[in-house]
Amino acid sequence: MEYSKLKSGTDIRGVAVEGVPGEPVTLTDEVVEAIGAAFLVWCERHLSKAAAGLKLAVGHDSRISADRISAALQRVFVRYGVQVLDCGLASTPSMFWATVDLPCDCSVQITASHHPYHRNGLKFFTPQGGLDSPDITEILSLAQEGAHPAGEASGTVEPCSYRKDYAARLRKTIQEGVQAQDYDHPLAGFHIVVDAGNGAGGFYATEVLEPLGADVSGSQFLEPDGMFPNHVPNPENQEAMASICQAVQAAGADLGVIFDTDVDRGAAVDSLGEEISRNRLVALASAIALEGNPGGTIVTDSITSDGLKEYIEETLGGHHHRFKRGYKNVINEAIRLNQEGVNCPLAIETSGHAAMRENHFLDDGAYLVTKILIQMASLRKEGKDLNDLLAPLREPAEAAEVRLPILEEDFRARGEQLISALETYAGEQGWAIAPDNREGLRVSFPAGQGNGWFLLRLSVHDPILPVNFESDSTGGNREIAEKLLAFLEQHGQGVDIAPLENFVRS
């Protein structure tokens, strides 16, 4: 077993369930126990505490392999004297808060986010936040070596119902934020539909919204079911978003909210049944974050729209800092800027990962939705709604993404070489290269030449060159794509350009 192959950014991920052709199980009990033992060694190194003295919380989302993996982790933790707190079904963000509130030295969440039912993974937290990519590399290297704490001891396992405390934290945030006359029921009179996608987020309807007075009738897929029988629990998935939009319209609700499997991402739907996701979600979160931070900087990923930049800088009076794709990249950049004295209250990716400085820069879908609800309630006092806030956001006429596979074995080197060649070519053609380009190459075109932009970048993990297109004119994306295709026909050796050819012809 090559443990390094289980690394996925700041997570460990693999196949956990048999039966999918061509995907043998990689997260076996033996592998999970080896990773658990390696994590304890990491803790001894970085927390300066013997494994036998650790207090460690374990939680999981609704996946069908969760109980097996949790049992394997707990076996190895108990073997080395750890006091294990079994949190059972939990959201990923709540497992960070468990380290603060219980408190405990560290925690493990068993999740693979929105990935298919047969996959699973591990995320690790300390009170300082989630472990980063180098930490995951170290843990997997230790697992490969068979590393484990020096001596065995007798640990313990006790059930821990932390989720009720986490829900209480969210309720308190809403009560304090809304300051309603009926303080205990600030959401009375609001109809809010929740779609948990059969993941871990159903508690938000029953343990957060209902006790605060909200009508949650019409909510759907709140029951945990690790086979995800209704739709992929993913706010970026078109079928999932169509489902929650339809549910909001059918219920006549004021707002709809949808979470991914482990609730570290969320999105919303307005009272008209229109999505508040991607650029609209970033705009709304930016408006909320900048209320107490005039002139603040918002860090986003690289594929946000030109209209969003105008909204942040001209409507809200803030600064927009585009950075690399990957939620941890965006969060780390925001942390870096704050350390340098830049007032940066929000890091957000168009995928729905949103991390606020006031919330430890934790990407927490439930917290994001909580802040949206506070904003909605505040606007109602003024006779307004969320659409009034978002009205100035200029949205493109067209937006699309095309993914080009890299065929060469050293895909990263080939991708970087191609992007470099494109930059030279763009300069020769007189194209407008974005001055705030921090990932790949972003090029803009005026009206009459596509009236928009493309961004060619290298995928964070995969041998893929994603190309994002956006235009303010109907048909503009195809016009821009034709210009890029002309370059790739000359310089795109080792890259499958057929998807772009098909896009141009469609």
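These numbers were taken from a predicted model, which means no experiment stands behind them.

About the cut-offs
Residues numbered from 1 in each chain as written. Predicted model: local features only at pLDDT ≥ 70, side-chain atom pairs only at ≥ 80, totals over all residues. Heavy atoms only, no water. Helix = DSSP H or I, 4+ residues; strand = E, 2+ residues; numbered from the N terminus. Expected span 1.5 Å × (residues − 1). Buried < 20%, exposed > 50% of the residue type's maximum accessible area, 1.4 Å probe, protein only. Arc of directions from axis to C-beta. Contact = heavy atoms within 4.5 Å. Axes fitted to C-alpha atoms, helices over the stretch in contact; angles between N-to-C directions. Parallel < 35°, antiparallel > 145°, perpendicular 65-115°, else oblique. Left-handed = near helix turned anticlockwise from the far one by under 90°.

Engineer: Would you explain helix 14 (residues 476-491) in this entry?
Structural biologist: Over its 16 residues, helix 14 runs 23 Å from end to end, which matches the ideal 22 Å to within 8%, given 1.5 Å per residue. The set of residues buried in helix 14 consists of Gly 476, Asn 477, Ile 480, Ala 481, Leu 484, Leu 485, Phe 487 and Leu 488. Along the axis of helix 14, the buried residues cluster in a sector spanning 165 degrees; they form a single face. Those residues of helix 14 that are buried are in contact with strand 18 (398-405), helix 13 (411-429), strand 20 (441-445), strand 21 (452-456), strand 22 (464-471) and helix 15 (498-505).

Engineer: Can you walk me through the packing of helix 13 against helix 14 in this structure?
Structural biologist: For any two helices packed against each other, the geometry comes down to the angle between their axes and how far apart the axes lie. Packing of helix 13 against helix 14 brings their axes to within 11 Å, and their N-to-C directions diverge by 120 degrees. Classified by the angle between their axes, helix 13 and helix 14 sit oblique to one another. Judged by the sense of rotation from one axis to the other, the crossing of helix 13 with helix 14 is right-handed. Here Arg 414, Leu 418, Ala 421, Leu 422 and Tyr 425 of helix 13 lie close against helix 14, whose contacting residues are Leu 484, Ala 486, Phe 487, Leu 488, Gln 490 and His 491.

Engineer: Looking at this structure, how should I read unusual backbone geometry?
Structural biologist: A cis amide bond links Leu 102 to the next residue, Pro 103, at an omega of -20 degrees. Among the secondary structure elements, Pro 103 is positioned in the loop between helix 3 (92-101) and strand 5 (106-110). With phi around 65 degrees, Asn 198 is a residue other than glycine that occupies positive phi space. Note that Asn 198 resides in the loop between strand 9 (192-195) and helix 6 (203-209). Residues other than glycine seldom take positive phi values, yet Arg 278 does so here, at roughly 50 degrees. For Arg 278, the location among the structural elements is in helix 8 (residues 278-290). According to the relative accessible area criterion, Arg 278 is partly exposed, its value standing at 38%.

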